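Here are the chains, one letter per residue:
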Amino acid sequence: PRRGESYGRPLTAPTAGKSERGSGRARRRSGRRRKGGGDVVSEPPPREGPPLLGEGERERPAGARGKARFRRRSMGASGVLRAALWGLLLPLISAQEGILHAFSTDNPLFKKDYCIIYNPSWNSLPSSLSGATPTRLTVLTHKLLCSSSDVPRDIMKDKAVVVMRGNCTFLEKGWIAQNLGSKILLIASSTGVDTPSGDKKSYKNLTIPVALISYADILDINKTLGNNVNVTLYSPPLPKFDFSTVVIFLIAVLTVAVGGFWSGMEELEELKTIVSSESREVSRKSSETIIFSPFKVIIFVILSCIMLILLYYFYIWLVYVIIAIFCLASAMSLYNCLAALIRKIPFGRCRLACGSTTFEVRLIFLAGFCIATAAVWVVFRNEDSWAWILQDILGIAFCLNFIKTLKMPNFKSCVILLGLLLVYDVFFVFITPYLTKNGESIMVEVATGPFRNSEKVGIILLKIK
């Protein structure tokens, strides 16, 4: 504040009826004040209204009450932040997740997994799918199962039964279902899925699994798998630390780093060739690169969107086209990556003449090896135990060759490409669930493969198992 003003109310003259001491104090504050050297300086009289604030200043609370209010406001903000963090962390700590594996009895290839929530203090689930027993599913979502007379015993005997949530506790529903001969009780919830809770002391003999599942998932089971469905429940153990995430991160970082280094070395050699005036070599190297102008970037992203939408609607047929394209592209990429290393070896450069062209014998064998590697992956691509290793190798080679071949002429093209790809990912992952009939993300559906087809899109899909 300026001279003659305080942080609180302005120093104005006292009103009639006030003490002379107060008016004198006000006059002394607004009058003349002596400076350090004895000089007298005049100060402007106080003005009516709130004090003026200088540039860059902010109004401060007045007095002890204002300071307390300021502290309460700060503590309230930090309290809200702590509450928000606990609200995000507590569901992760208390939730016990499991998997419901559903498959059609008419065609076991029609299968799908759903998330369930259960209470491990009530009962335990097998840790793997192989240790779980399939049970016939009976959907009774029009029943609440709060009384033994709600459902006949023969309908529930040796079945996995689905009833709606409400009117009684989870333990009461589980006890009734067990007494009626049910093997599994699934409680469908249309309001939200949380961990089933309750005191099991009165239901010590309750042994059947009781789990909570979303009502939307039950509707999806009926829609996609039909009425003849078997289900199994299991809960795979979660590792304390997922090392596969570190491996994937290192693979991604090293791939980008090596690809960028390779691209830079190729450009350096091209500049050296230009200096040596070997025009034929310059034209050959220029033909091996693709320059992404802003127009080409936009066309590339538009074609990616069209291809993803076509895959979503015609996945059963187009997936084999994508597999064939990936096989050819990855074989060529693997050859380019390994050929760049083999050319650095100074010996074994035996050549084979064919007309006016000569070929290195070692590169011919290398081409056969790369084609054989891609062919082996195509034949055994559905082998979960080891085929993913070949898929990762081919995917890394594809990425390296793509980074080496692609040239961004300026920063503008980079910004346009990354910006459009960000919009592309956000739209197809987070926005499309609100547009599709089943509420699924188009990107996730195409990446994981629809339930009616066991084939997966293998292009640049790094899976660590």
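Quick summary incoming for the structure in this document. (Residues numbered from 1 in each chain as written. Predicted model: local features only at pLDDT ≥ 70, side-chain atom pairs only at ≥ 80, totals over all residues. Heavy atoms only, no water.)

**So, the overall build of the protein**
For the protein, the count of helices and strands is 13 helices and 13 strands. Within the protein, the proportion of its 465 residues that are buried is 31%. At a minimum sequence separation of 6, the contacts of the protein that also span at least 24 residues come to 67%. Element-wise, carbon and sulfur atoms account for 63% of the exposed surface of the protein, whose accessible area totals about 29700 Å². (Helix = DSSP H or I, 4+ residues; strand = E, 2+ residues; numbered from the N terminus. Buried < 20%, exposed > 50% of the residue type's maximum accessible area, 1.4 Å probe, protein only. Contact = heavy atoms within 4.5 Å. Areas by Shrake-Rupley, 256 points an atom, 1.4 Å probe, with all protein chains shown as cover.)

**Quick look at the sheet that holds strand S7 (residues 184-189)**
One closed barrel holds the seven strands; their spatial order is S3-S4-S8-S7-S6-S5-S9, and the pairing between them is mixed. Ignoring strand direction, the axes of neighbouring strands in this sheet form an average angle of 40°. Sheet analysis places strand S4 (residues 111-118) next to strand S8 (residues 210-214), joined by two bridges and oriented antiparallel. Looking across to S8, one finds that Ile117 is bridged to Leu212. Those strands touched by helix H4 (residues 170-179) are strand S6 (160-164), S7 and S8, and its axis lies near 140° from that of S7. (Pairing = 2+ DSSP bridges. Axes fitted to C-alpha atoms, helices over the stretch in contact; angles between N-to-C directions.)

**Structural notes on the environment of Asp392**
Mapped onto the secondary structure, Asp392 falls in helix H11 (residues 387-405). Residue classification places Asp392 among the buried residues on the basis of a relative accessible area of 6%. On a C-alpha basis, the gap between Asp392 and Ile251 in space is 9.4 Å, while along the polypeptide they are 141 residues apart.

**Side note on the environment of Ala331**
Tracing the chain through its elements places Ala331 in helix H9 (residues 315-342). Considering only alpha carbons, one finds Ala331 and Thr373, 42 residues apart in sequence, at a separation of 7.5 Å. Leave out the neighbours within four places in its chain, and Ala331 touches Cys370 and Ala374.

**Some remarks on the pairing of S4**
Judged from the seven bridges that link them, strand S3 (residues 97-104) and S4 form a sheet pairing that is antiparallel. The partner of Leu100 across the bridge, within S4, is Tyr114. Counting the residues in the hairpin turn of S3 and S4 gives six residues.

**With respect to the side chain of Ser235**
Along the chain, Ser235 falls in the loop between strand S9 (229-234) and helix H6 (243-275). Separated by 3.1 Å, the side chain of Ser235 and the backbone oxygen of Glu97 make a polar contact. Beyond its immediate stretch of four places on either side in the chain, Ser235 contacts Glu97, Gly98, Tyr118, Leu125, Pro126 and Ser127. (Polar contact = N/O pair within 3.5 Å; in protein donor to acceptor, adjacent residues only side chain to side chain.)

**Side note on the side chain of His101**
Mapped onto the fold, His101 is located in strand S3. His101 gets classed as buried once you look at its relative accessible area, which sits at 12%. There is a polar contact of 2.6 Å between the side chain of His101 and the side chain of Asp113. In this view, His101 contacts Lys111, Lys112, Asp113, Leu129, Asn230, Val231, Thr232 and Tyr234; residues no more than four positions away in its chain are not counted.

**Focus: the packing of aromatic side chains**
Under the criterion given, the structure shown has seven aromatic pairs. Taking the ring centre of Trp262 as reference, the NZ or CZ of Lys404 above it sits at 5.1 Å. (Phe/Tyr/Trp six-rings, centres within 6.5 Å; stacked < 30°, edge-to-face > 60°. Lys NZ or Arg CZ within 6 Å of the ring centre and 35° of its normal.)

**A look at H6**
The end-to-end C-alpha distance of H6, which contains 33 residues, comes to 48 Å, matching closely the 48 Å that a straight helix rising 1.5 Å per residue would cover. Residues Ser244, Ile251, Thr255, Gly259, Trp262, Ser263, Glu266 and Thr273 constitute the buried set of H6. (Expected span 1.5 Å × (residues − 1).)

**Regarding the state of the cysteines**
Enumeration according to the criterion identifies one disulfide in this entry. With its sulfur 2.2 Å from that of its partner, Cys146 forms a disulfide with Cys168. What sets the handedness of the Cys146 and Cys168 disulfide is the S-S torsion sign, and at about -85° it is left-handed. Note that Cys146 is positioned in the loop between strand S5 (135-139) and helix H3 (153-156) and Cys168 in the loop between S6 and H4, a separation of 22 residues in sequence. We classify Cys146 as partly exposed; its relative accessible area is 29%. (Disulfide = S-S within 2.5 Å.)

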